[in-house]
Amino acid sequence: MKKLPIGISDFKKLIEGNYIYVDKTKYIYDLVNNGGYIFLSRPRRFGKSLLLSTIEYLYESQKELFKGLYIEDKWDWNEKYPVIRVDFGEIQTLNKHLLEEQIYSVILRYSEKYDYEIKENLSVYINWKLLIEHISEKTKKQVVILVDEYDKPILDLIDKEEVYEIREMLKAFYSVLKALDRYIRFVLVTGVSKFAKVSLFSGLNQLKDISLDKKYGNICGYTQDELEYYFKEYLKDVNLEEVKEWYNGYNFLGSKVYNPFDVLLYLDKKEIRNYWYETGRTEFLFKIIKQKNFD
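Quantities reported herein were computed from a predicted structural model and do not represent experimental measurements.

Undergrad: Whenever I open this one, the sheet that holds strand β2 (residues 83-87) confuses me. Can you help?
TA: Backbone hydrogen bonds hold the strands of a sheet together, and the pairing may be parallel or antiparallel. Strand order in the open sheet formed by five strands is β2-β3-β4-β1-β5, and the pairing between neighbours is parallel. Both outer strands of the open sheet, β2 and β5 (208-209), are each paired with one neighbouring strand and no more. Note that strand β1 (residues 37-41) and β5 share two bridges and pair parallel. Counted as the bridge partner of F39 is D209 from β5. Strand contacts of helix α7 (residues 163-178): β1, β2, β3 (143-148) and β4 (184-191), with the helix running at about 155° to β4, the strand carrying the most contacts.

Here it is as structure tokens:
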């Protein structure tokens, strides 16, 4: 009996650890084949990090992890691409210096991996640009760039004056990508909000928003069929109608989907509770309501 993947967002750990994986590679295959520069917004704890992790291992051509999945016999496993993964959720962004340090740490990590010599006399953004060019030229492949929680640095400071500096820094970070089309194969940026698309990504105007694209409505979360197929061993003596009433309320223009975090904790504890709201609610909304003095 496979284990419930509670809190597991690394695809390799999930597969090798004998956890249940709800196969989303059909959507991923379509996405990367028709992709380019993609933006996806979903609520917290909805499987965005696992999605990015799956794409990372796919482009790294780790075929053994995809055995038995939809994409196994459709992907060209002879092609391997360099992947840069940026996770803005890794630290609490309290000021612009911490954000710059975080961006610098990404550059440092991949400069060590691909023998890029950081130019100390140049800005972090120029080094970001030169790093991508270097990796592409060194590997003779275009680079895949995956950004998780793009909006967390802004949301952490949404009610502070520093948010304007942070926004300009991130704008410069993303603007670098626009001029590097020949070096980039695929970009996926994820977050919980869409409010910053016009300003933050103004330098990256080729970004395609699939947040409410019917074709990808089920790329995160569990549909009813997926729940009943993949978790059938955990659904014995479970009142499915009650579970549906509590957790099946999300719709991104595909099918109705369950929040994975809610469902997994319910299946583990067999106790109906609002698990997502207790730990994953979107705090920035409460900050804005307080700041604007809404009744």
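This is not the end of the story, as more comes after the structure.
Undergrad: Even after reading the chapter, I still don't get the packing of helix α5 (residues 124-139) against α7, so can you show me in this structure?
TA: Each pair of packed helices gets described by two things: the angle between the helix axes and the distance between those axes. Where α5 contacts α7, the two axes come as close as 9 Å, and the packing angle between them is 25°. On the basis of their axis angle, the class for α5 and α7 is roughly parallel. In this structure, the crossing between α5 and α7 has a hand that is right-handed. Within the contact between the two elements, α5 uses Y125, W128, K129 and I132 and α7 uses M169, A172, F173, V176 and L177. Here the residues of the contact of α5 with α7 sort into eight nonpolar, no polar and one charged.

Undergrad: Would you mind going over the packing of aromatic side chains with me for this structure?
TA: Aromatic rings in a pair are described by how distant their centres are and how their planes are angled relative to each other. Per the counting criterion, the structure on display carries 19 aromatic pairs. Ring geometry for F39 versus Y150: centroids 5.3 Å apart, planes at 80°, classification edge-to-face. In this pair, F39 is assigned in strand β1 and Y150 in the loop between β3 and α6 (152-156), connecting sequence segments 111 residues apart. Neither F39 nor Y150 differs from the other in exposure class; each is buried. A ring pair is formed by F46 and Y250, whose centres lie 4.9 Å apart and whose planes are at 70°; its orientation type is edge-to-face.

Undergrad: Explain α7 to me, please; I cannot follow it from the model alone.
TA: For an α-helix the count is 3.6 residues per turn, leaving residues at separations of three or four pointing the same way. An ideal rise of 1.5 Å per residue puts 22 Å on 16 residues; α7 measures up with 23 Å between its terminal C-alpha atoms. Burial in α7 covers these residues: V163, I166, M169, L170, F173, Y174, V176 and L177. The buried side chains of α7 occupy one side of the element, clustering within an arc of 140° when seen end-on.

Undergrad: Can you help me understand the side chain of S211 in this one?
TA: With respect to the helices and strands, the residue S211 is situated in the loop between β5 and α9 (224-230). A residue is classified by how much of its surface remains accessible, and S211, at 2% relative accessible area, is buried. From its side chain, S211 meets the backbone nitrogen of S41 in a polar contact 2.8 Å long. Once residues lying within four places of it in the same chain are set aside, the contact partners of S211 are F39, L40, S41, R42, K194 and F252.

Undergrad: Sorry if this is basic, but what is going on with the nonpolar core here?
TA: Taken as a class, soluble globular proteins show a tendency for nonpolar side chains to be buried jointly. Membership of the largest hydrophobic core comes to 43 residues, with the highest contact counts inside it found for I84, W128, I132, I145, Y174 and L177. Elements that contribute at least two residues to this core include exactly β1, β2, α4 (96-114), α5, β3, α7 and β4. Looking at which element gives the most residues to this core, the answer is α7, with eight residues. What Y174 contacts, discounting residues up to four positions off in sequence, is F88, V147, Y150, V189, L200, F201 and L204. Ranked by size, the runner-up nonpolar core spans 37 residues in total, among them F11, I28, W77 and I210.

Undergrad: Just checking my understanding: could you explain unusual backbone geometry for this structure?
TA: Most peptide bonds adopt trans geometry, and most residues besides glycine take a negative phi value. Look at K140: it is not a glycine, yet its phi comes out positive at around 60°. Tracing the backbone through its elements, the reader meets K140 in the loop between α5 and β3. Assessed through its relative accessible area of 70%, K140 is described here as exposed.

Undergrad: Help me understand the pairing of β3, please; the structure alone is not making it clear to me.
TA: Both faces of the sheet carry side chains from a regular strand, because those side chains alternate between them. Of all six residues making up β3, six are buried, and the element is well covered by its neighbours. Sheet topology places β2 next to β3; five bridges connect them, and they run parallel. Across the sheet, D87 pairs through a bridge with D148, a residue of β3. In this sheet, β4 lies alongside β3 in parallel orientation, the contact comprising five bridges. Within β4, the position partnered with V147 by the bridge is V189.

Criteria and cut-off values
- Residues numbered from 1 in each chain as written.
- Predicted model: local features only at pLDDT ≥ 70, side-chain atom pairs only at ≥ 80, totals over all residues.
- Heavy atoms only, no water.
- Pairing = 2+ DSSP bridges.
- Helix = DSSP H or I, 4+ residues; strand = E, 2+ residues; numbered from the N terminus.
- Contact = heavy atoms within 4.5 Å.
- Axes fitted to C-alpha atoms, helices over the stretch in contact; angles between N-to-C directions.
- Parallel < 35°, antiparallel > 145°, perpendicular 65-115°, else oblique.
- Left-handed = near helix turned anticlockwise from the far one by under 90°.
- Nonpolar A, V, L, I, M, F, W, Y, C, P; charged D, E, K, R; others polar.
- Phe/Tyr/Trp six-rings, centres within 6.5 Å; stacked < 30°, edge-to-face > 60°.
- Buried < 20%, exposed > 50% of the residue type's maximum accessible area, 1.4 Å probe, protein only.
- Expected span 1.5 Å × (residues − 1).
- Arc of directions from axis to C-beta.
- Polar contact = N/O pair within 3.5 Å; in protein donor to acceptor, adjacent residues only side chain to side chain.
- Core = buried A, V, L, I, M, F, W, Y, C linked by side-chain atoms within 4.5 Å.

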